[in-house]
Amino acid sequence: MIKVDVSGTYGFCNNASAVRQAADAALHTLLSGTGAGAAFTGWVRYPENYAESELARIKIAADKIQSESEVFVVLGIGGSYLGAKAAVDMLRSPEYNLLSKNTPDIYFSGNDASGAQLARIIRLVDARDFSVCVISKSGSTAETASAFRVFSKLLTKRYGKQADSRIYTITDAETGYLRAASILHGWESFIIPRDIGGRYSVLTPVGLLPMAVAGIDIEKVLAGARTEMESLLSDNGGDASVYAAMRQALYQSGKKIEILSGFEPALRYTAEWWKQLFAESEGKDKKGIFPASANMTADLHSIGQLIQDGERNLFETMLLFREQSNLVIPGDSPLVDGIDWLGGKRYAEFCNAVIAGTKKAHIAGGVPVIDIDAGTINEETYGALTYFFLLSCGISGYLSGVNPFNQPGVEEYKRNMKAILA
């Protein structure tokens, strides 16, 4: 289970108790389906309602992709790819595509408007056997749909009439361009539940199919999410409510920026998924905590200066995992480097000292610090952490008085773009 420690925030706000009580009401609103956007809260119970037949179908498709493809191209933007990318990085490796393995390389595309980036991925696919997965509820998201046009043409050129057997779609059950095209061409298709929005969809086929192709045990992912769900919902929101309440209490006390600090390079895309989840859920009605992230310890030598001595308008959430490496820093090195004090220490000791030292320094510098202890990196932990953040975000959004399940501001750039190009 995910554990939260808010002792590093003591003394930085005086309203924590009142906001914590309000979090109980926010959770009730979420669970009762009486709040704004309630039609999109199907994710709350999804880990226990997952259809075994759908899970089996995902695994069969993943086996097929693994057996016939050297490369798997996943097309999607925002919540349609960030969670899956986070899982691959965390559970396999940020260098996944460089590993010697019996699963395909995975490239995520259709998440920007860069022709140069698309061309780079095309060169990487080159003459290798590949399959494509398109993830979009409507099928008309410009970045994703344009990339699909490019890759579907490549598939047809390479495989002719067999191209359709290498296309997989994840989309709405009934409506939208991608659903109609899936029926017309007979593409293998999976459903994004209508009551789950994109950024809350990582535990659906949206995230599970790419995970399964990468060799991640998706049953364990769902089991971890289900265990966390049962624990939190039986404990009135548990530590998810504590986290949601404390971040809102700090926001009301003038802390407008939250920095998620991870001390493992494999967490970079976990932070990117977290940023999208909270920014798109809470940033509306002229409200919202600005979510930023830091890759520690590298960023201690860059934005660490600002965190330590800059404007006191931020707080920090440290995402912590137990170091699993037994690697030891050599103690008998002939190098004259001034770090004899580190010789013979395990990297676990080194990392823990960095974390403790950073937390102490930042609190002393006027930065409140929340700890989230996620335990050991594995499939169950990934599922648990994902559900923890989803529930925290729903509670936090209702606490701030917004609809956490829409994104009206995102539509404005789309309207402008279409008017310019049409």
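Our structure is the block above this text.
Okay, so let's go over this structure. In this text, all values refer to a predicted model and were calculated from it rather than measured experimentally.

### Concerning the layout of surface pockets
Reasoning step 1: Its boundaries defined by the atoms lining it, the largest pocket holds a volume of some 900 Å³.
Reasoning step 2: Lining the largest pocket are 33 residues, with Thr 141, Gln 407, Val 410, Glu 411 and Lys 414 sitting closest to its centre.
Reasoning step 3: Those elements giving two or more residues to the lining of the largest pocket turn out to be α6 (142-159), α11 (268-282) and α15 (410-421).
Reasoning step 4: Tallying contributions element by element places α15 first for the lining of the largest pocket, with seven residues.
Reasoning step 5: Considered class by class, the residues forming the lining of the largest pocket number 11 nonpolar, 14 polar and eight charged.

### Topic: the sheet that holds strand β8 (residues 290-295)
Reasoning step 1: In spatial order, the strands read β1-β10-β9-β7-β8; together these five strands make up an open sheet with mixed pairing. Of all strands in the sheet, those bounded by a partner on one side alone are β1 (3-5) and β8. Each strand axis lies, on average, 20° off the axis of its neighbour in the sheet, ignoring direction.
Reasoning step 2: Of the pairings in the sheet, the one linking strand β7 (residues 257-262) to β8 comprises six bridges and is parallel in character. The residue bridging Ser 261 from the neighbouring strand is Ala 294, located in β8.
Reasoning step 3: Against the sheet, α11 touches β7, β8 and β9 (314-320), its axis set at about 175° to β8.

### So, the packing of aromatic side chains
Reasoning step 1: Under the defined criterion, the tally for this structure stands at 18 aromatic pairs.
Reasoning step 2: With centroids separated by 6.0 Å and ring planes inclined at 80°, the aromatic side chains of Tyr 398 and Phe 405 adopt a geometry described as edge-to-face.
Reasoning step 3: Tyr 398 gets classed as buried once you look at its relative accessible area, which sits at 14%.
Reasoning step 4: Following the ring pairs from residue to residue traces out a cluster consisting of Tyr 243, Trp 273, Trp 274, Phe 278, Phe 388 and Phe 389.
Reasoning step 5: Positioned above the aromatic ring of Tyr 269 is the side chain of Lys 85, whose terminal nitrogen or guanidinium carbon lies 5.1 Å from the ring centre.
Reasoning step 6: One residue, Lys 101, lies across the ring of Tyr 96, its end atom 4.7 Å from the ring centre.

### Regarding empty space enclosed by the protein
Reasoning step 1: Throughout the structure, instances matching the rule amount to four cavities of 30 Å³ or more.
Reasoning step 2: The volume enclosed by the largest cavity comes to roughly 60 Å³.
Reasoning step 3: Lining the largest cavity we find Phe 263, Glu 264, Leu 267, Leu 319, Leu 320, Phe 321, Arg 322, Glu 323, Cys 351 and Ile 355.
Reasoning step 4: The set of elements that each furnish at least two residues to the lining of the largest cavity consists of β9 and α13 (347-364).
Reasoning step 5: When the residues that make up the lining of the largest cavity are grouped by side-chain class, the tally is seven nonpolar, no polar and three charged.

Rules and cut-offs
- Residues numbered from 1 in each chain as written.
- Predicted model: local features only at pLDDT ≥ 70, side-chain atom pairs only at ≥ 80, totals over all residues.
- Heavy atoms only, no water.
- 1 Å grid on protein atoms, 1.4 Å probe; cavity = no way out; pocket = protein on both sides within 12 Å on 5 of 7 lines; lining within 4 Å.
- Points joined across faces, edges and corners; volume = space filled by probe spheres on them.
- Helix = DSSP H or I, 4+ residues; strand = E, 2+ residues; numbered from the N terminus.
- Nonpolar A, V, L, I, M, F, W, Y, C, P; charged D, E, K, R; others polar.
- Pairing = 2+ DSSP bridges.
- Axes fitted to C-alpha atoms, helices over the stretch in contact; angles between N-to-C directions.
- Contact = heavy atoms within 4.5 Å.
- Phe/Tyr/Trp six-rings, centres within 6.5 Å; stacked < 30°, edge-to-face > 60°.
- Buried < 20%, exposed > 50% of the residue type's maximum accessible area, 1.4 Å probe, protein only.
- Lys NZ or Arg CZ within 6 Å of the ring centre and 35° of its normal.

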